[in-house]
Amino acid sequence: MSKIRGRFAPTPSGLMHVGNAWTALLAWLQTRSQSGQFVLRMEDIDGPRCRPELAAAALADLRWLGLDWDEGPDIGGPYAPYTQSERIRLYEAAMDKLLEHGALYPCFCSRAELLAVASAPHGLSSEGPTYAGTCRHLSPEQQRIRSAVKTPSMRFKADDSASIRFEDGISGSQVFPPGAGGDFVVRRADGIISYQLAVVIDDAAMKITDVLRGADLLDSTPRQLLLYEALGLPAPRFAHVPLLMGEDGKRLAKRHGDTSLAGLRAAGVTPERIIGWLAYLAGQLNRFEPLTAAELISHFKPHLIPKEPITIHDSLMKQLYN
Ligand code: GLU
């Protein structure tokens, strides 16, 4: 049997925090416990918030935690480059292919129009309301006239004939209704390639077999599956781990205090404490105890990972420190 290939794909738009460490550790354990290869990819194309120094800090933080990778931006590998901003050519080639297949169309809608005509209030929540399809049926002539005054975004025609199904490694069987979330943007009007397209091209090109990531991306998966299909690429297996939440029911973030790895390090918290704490949250330990990431590999049991979001109460947060 060929080896599994997993990955962690951070967006360097902020400092790594315990929520990122949680996903990174679980993806790494999933791969290492099966003697697989682990890939690190920097997803830095989403605009000006991404900064090279944050990318460098992310790699340093992950190494400090005791994680390692076989391929990545700092060490290269057979599918280099591992930084999305250096891979634009590949995304444009995929755009050409999709265009040739008639899978895309230009969309001229403004942000205000999109909100006004949203066809369903409950789209795939991670990307806002469902697109009503306003520009899907413009004639070539109408497209030409509008292109003269406005650069369009490009949308992928979501297949609205069949449900999308997949088996999630954590949440089990998933079914999304036909056309779930509507036609979605693959290239923005400002030329930026969307996360959905870039991630599919990269996971396929880097031969990733197993994607483990946060549950916030669960509802991106149907879109990505449509892209795999349209491009004739094999899809990986997916597992979406629950998010770490603050006591207010919101995703753990800056407002809940400094949960950045840099902040914890500065406060004297050791990587072993962070790893042990995360492993405890992941159901891998009966009680909190410091240990290294490597020590967890042979004990990793994915079925013990909770399925529901995990609330980090203040008392739990304090355990990290003393
Ligand atoms: N770059 C994405 C993020 O940091 C993760 C993408 C993925 O794992 O598919 O949220």
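Residues numbered from 1 in each chain as written. Predicted model: local features only at pLDDT ≥ 70, side-chain atom pairs only at ≥ 80, totals over all residues. Heavy atoms only, no water.

As recorded in an unreviewed UniProt entry, the protein goes by the name Glutamyl-Q tRNA(Asp) synthetase, listed as coming from Paenibacillus catalpae.

Novice: Before we move on, can you summarise the environment of histidine 256 with the specific residues and values?
Specialist: The topology assignment puts histidine 256 in the loop between β10 (244-245) and α8 (261-266). Using a relative accessible area of 23% as the deciding quantity, one classes histidine 256 as partly exposed. Linking histidine 256 and asparagine 322, residues 66 residues apart in sequence, is a C-alpha distance of 18 Å. Ignoring anything within four residues of it in the chain, the contact list for histidine 256 reads Gly246, Glu247, Asp248, Lys250 and Arg251. (Helix = DSSP H or I, 4+ residues; strand = E, 2+ residues; numbered from the N terminus. Buried < 20%, exposed > 50% of the residue type's maximum accessible area, 1.4 Å probe, protein only. Contact = heavy atoms within 4.5 Å.)

Novice: An account of the packing of aromatic side chains is requested, with residue identities and associated values reported.
Specialist: The geometry of an aromatic ring pair comes down to the distance between the two centres and the angle between the two planes. Counted under the stated rule, the structure contains three aromatic pairs. On the basis of an interplanar angle of 40° and a centroid distance of 5.3 Å, the ring pair of phenylalanine 156 and phenylalanine 184 is categorised as tilted. Note that phenylalanine 156 is positioned in strand β4 (residues 153-156) and phenylalanine 184 in strand β7 (residues 184-187), a separation of 28 residues in sequence. Using a relative accessible area of 1% as the deciding quantity, one classes phenylalanine 184 as buried. An angle of 65° between the planes, with centres 6.0 Å apart, marks the rings of phenylalanine 166 and phenylalanine 238 as edge-to-face. Placement of the pair is phenylalanine 166 in strand β5 (residues 164-168) and phenylalanine 238 in strand β9 (residues 237-241), with a sequence separation of 72 residues. With respect to class, phenylalanine 166 is no different from phenylalanine 238; both count as buried. Site record: aromatic cluster; members linked through ring pairs are Phe166, Phe176 and Phe238. (Phe/Tyr/Trp six-rings, centres within 6.5 Å; stacked < 30°, edge-to-face > 60°.)

Novice: Got a sec to walk through the environment of aspartate 258? Specific residues and values, please.
Specialist: Counting through the fold element by element, aspartate 258 comes out in the loop between β10 and α8. On the accessibility criterion, aspartate 258 (47% relative accessible area) is partly exposed. The sequence separation of aspartate 258 and glutamate 127 amounts to 131 residues, and the corresponding C-alpha distance is 27 Å. Discounting chain neighbours no more than four positions away, the residues touching aspartate 258 are Gly263, Leu264 and Tyr321. Side chain to side chain, aspartate 258 and serine 260 meet in a polar contact 2.8 Å long. (Polar contact = N/O pair within 3.5 Å; in protein donor to acceptor, adjacent residues only side chain to side chain.)

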